[in-house]
Amino acid sequence: MEHAAPFSAFLTDSFGRQHNYLRISLTEKCNLRCQYCMPEEGVHLTPKSELLTTHEIVTLARLFVKEGVDKIRLTGGEPLIRPDVVDIVAQLYKIEGIKTIAVTTNGINLARLLPRLKEAGLDAINISLDTLVPAKFEFIVRRKGFHKVMEGIHKAIELGYNPVKVNCVVMRGLNEDELLDFVDLTKNLPLDVRFIEYMPFDGNKWNFKKMVSYKEMLDTIKQRWPELEKLPCEASSTAKAYKVPDFQGQVSFITSMSEHFCGTCNRLRITADGNLKVCLFGNSEVSLRDHLRIGSSEDELVEIIGAAVGRKKKQHAGMFNISQMKNRPMILIGG
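As the structure is a computational prediction, the values presented were derived from the model and not from experiment. Per chain, residue numbering runs from 1 following the sequence as it is written. Local features in this predicted model are restricted to residues whose pLDDT is 70 or higher, and side-chain atom pairs enter the listing and the counts only when it is 80 or higher, whereas totals over whole chains, interfaces and linings include all residues. Side-chain numbers here rest on the full set of heavy atoms in the structure, without hydrogens or water.

**Description of the packing of aromatic side chains**
Describing an aromatic ring pair means giving the distance of the ring centres and the angle of the ring planes.
Now for step 1: Stacked, edge-to-face and tilted labels apply to pairs of Phe, Tyr and Trp rings (six-membered ring for Trp) whose centres lie within 6.5 Å, assigned for plane angles under 30 degrees, over 60, and everything in between, in that order. Inspection of the entire model under this criterion finds six aromatic pairs.
Now for step 2: On the numbers, 5.8 Å between centres and 70° between planes, the contact of F137 with F146 is edge-to-face. Both residues of the pair, F137 and F146, belong to the buried class.
Now for step 3: Look at F195 and F253: their rings are 5.8 Å apart centre to centre, the planes differ by 35°, and that puts the pair in the tilted class. Taken as a pair, F195 in strand β6 (residues 191–197) and F253 in strand β9 (residues 250–254) lie far apart in primary sequence, 58 residues in all. The pair formed by F195 and F253 is uniform in burial state, with each residue classed as buried.
Now for step 4: Among the aromatic residues, those joined into a ring-pair cluster are F182, F195, Y214, Y242 and F253.
Now for step 5: A ring is scored as having a charge over it whenever the NZ atom of a lysine or the CZ atom of an arginine sits within 6 Å of its centre and within 35 degrees of its normal. Over the face of the ring belonging to Y21 we find K71, whose NZ or CZ atom lies 4.5 Å from the ring centre.
Now for step 6: Stacked on the ring of Y214, the Lys or Arg K240 has its end atom at 5.4 Å from the ring centre. For every residue, the accessible area obtained with a 1.4 Å probe (protein chains only) is divided by the maximum for its type, and the residue is called buried under 20%, exposed over 50%, and partly exposed between those limits. Note on conventions: DSSP H or I runs of at least 4 residues are helices, E runs of at least 2 residues are strands, and numbering of each starts at the N terminus.

**Looking at the sheet that holds strand β2 (residues 71–75)**
Now for step 1: The pairing criterion for strands is at least two bridges between them, as found by DSSP. One open sheet holds the 12 strands; their spatial order is β7-β8-β9-β6-β5-β4-β3-β2-β1-β10-β11-β12, and the pairing between them is mixed. What marks the edges here is a single partner per strand, and that holds for β7 (229–230) and β12 (286–287).
Now for step 2: The pairing of β2 with strand β3 (residues 100–105) spans four bridges and is classified as parallel. In the strand pairing of β3, K71 is matched with T100.
Now for step 3: Each of β4 (124–128), β5 (164–170) and β6 is contacted by helix α5 (residues 146–158), which is oriented at about 160° to β4, the strand it contacts most. Throughout, a residue-residue contact means that at least one pair of heavy atoms, one from each residue, lies within 4.5 Å. To get an axis, fit a line to the C-alpha atoms, keeping to the stretch in contact for a helix; angles then go from 0 to 180 degrees between the N-to-C directions.

**Considering helix α4 (residues 134–141)**
Now for step 1: Every buried residue of α4 is accounted for by K136, F137, I140 and V141. Buried residues along α4 cover an arc of 120° about the axis, so they all sit on one side. Taken from the helix axis, the directions to the C-beta atoms give the arc we talk about.

**Focus on unusual backbone geometry**
Now for step 1: Along the chain, G76 connects to G77 via a cis peptide bond; the corresponding omega equals 15°.
Now for step 2: In this model, N162 is joined to P163 through a cis peptide bond whose omega is 0°.
Now for step 3: Here P163 lies in the loop between α5 and β5.
Now for step 4: Unlike most non-glycine residues, R142 shows phi in positive territory, near 60°.

**Here's the deal with the pattern of salt bridges**
Now for step 1: Salt bridge criterion: a side-chain nitrogen from Lys or Arg within 4 Å of a carboxyl oxygen from Asp or Glu. All chains considered together, the criterion is met by 12 salt bridges.
Now for step 2: Residue R82 is joined to D84 by a salt bridge in which the shortest nitrogen-to-oxygen separation is 2.9 Å.
Now for step 3: For R82, a relative accessible area of 12% translates into the label buried.
Now for step 4: The partner of D290 in a salt bridge is R289, and the shortest N-O contact between them spans 2.9 Å.
Now for step 5: Shared partners join several salt bridges into a network, and the residues in it are K136, D177 and E178.

**A short note on the pairing of β6**
Now for step 1: Taken across its seven residues, β6 has seven buried, putting it largely inside the fold.
Now for step 2: Burial of β6 is two-sided: the residues L191, V193, F195 and E197 facing one way and the residues D192, R194 and I196 facing the other way are all buried.
Now for step 3: Pairing geometry for β5 and β6, over seven bridges, is parallel. Along β6, the bridge assignment pairs V166 with V193.
Now for step 4: A crossover counts as right-handed when, viewed with the strands pointing away from the observer, the path leading from the first strand over the helix to the second turns clockwise. Between β5 and its parallel partner β6, the chain crosses via helix α6 (residues 179–185), and the hand of that crossover is right-handed.
Now for step 5: Where β6 meets β9, five bridges bridge the pair, whose relative direction is parallel. Note on β9: the bridge partner recorded for V193 is V251.

**A closer look at the packing of helix α3 (residues 110–120) against α5**
Now for step 1: Closest axis-to-axis distance for the α3/α5 pair is 8 Å, and the angle between their directions is 25°. Accordingly, the angle class assigned to the pair α3 and α5 is roughly parallel. Contacts between α3 and α5 pair L110, A111 and L114 from the former with E151, G152, K155 and A156 from the latter. Relative orientations are named as follows: roughly parallel for angles under 35 degrees, roughly antiparallel for angles over 145 degrees, roughly perpendicular for angles from 65 to 115 degrees, and oblique for any other angle.

This is the structure we're talking about:
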């Protein structure tokens, strides 16, 4: 990885991984109730006073960028329901050294907000969509809104985002029969459809029978398009990319369960309540919010971040162990 300045020791772990990508959750709330993300009974939300303020988010972002982060992704819950999301993007855009500001959204509010987000400096978009069948959409997310999501996808294309990434969590018995329809979407649209292996999180009733592995998905797609070709990708990429020749878009597989990519992990996460998580699947967290609020200096914060990064393990616990481990539900992590 090339950086103009020497990369910060504080964001380099004991395995030499340089963490230049920060994901910040803006809210724990969501306007959908996806089965694999939100437990059916809902979640206990953190009181607003304990969530990061806009000023705290920007302060932390500035600190991480100073140490070498050059990509920030805003997540949730659903980030686009935070009233000041456009302002947050605009403030992040002004931070010197930041190259990419991205958002992961369920797409419900996207068509309405995207013109303003683009103007504020939003560079990249991932939209979650697990089915192309409206009735099935309602079953998976426990809400209406399929047409709004499709409108958001088309608005992103219209405004020149390329590729527009579409995240699809593949679940056996629910949507694995739609793989070919999703690939077909990439024929005439500049989409990167990313098939994500179903992952175990607190409250999503995960079982191994529901997981469709990358190899199985690839096999299904190759039966229809034997000419599917593998594309080169960056070392730190979580996705294995493929393309049907002459299609405008491409497809990718995120194989966090069957073939983990821990060895090249460059990601850190800050939850909406201000905890730093060095691994999506790890349950250790450190509160940056508390240190900010007691007036810790920038140097002290960097030391605390560096210590947490230094404790990052070589790899996550593996598929079988993760499913037994207590972790926040995905909605409270921010993906």
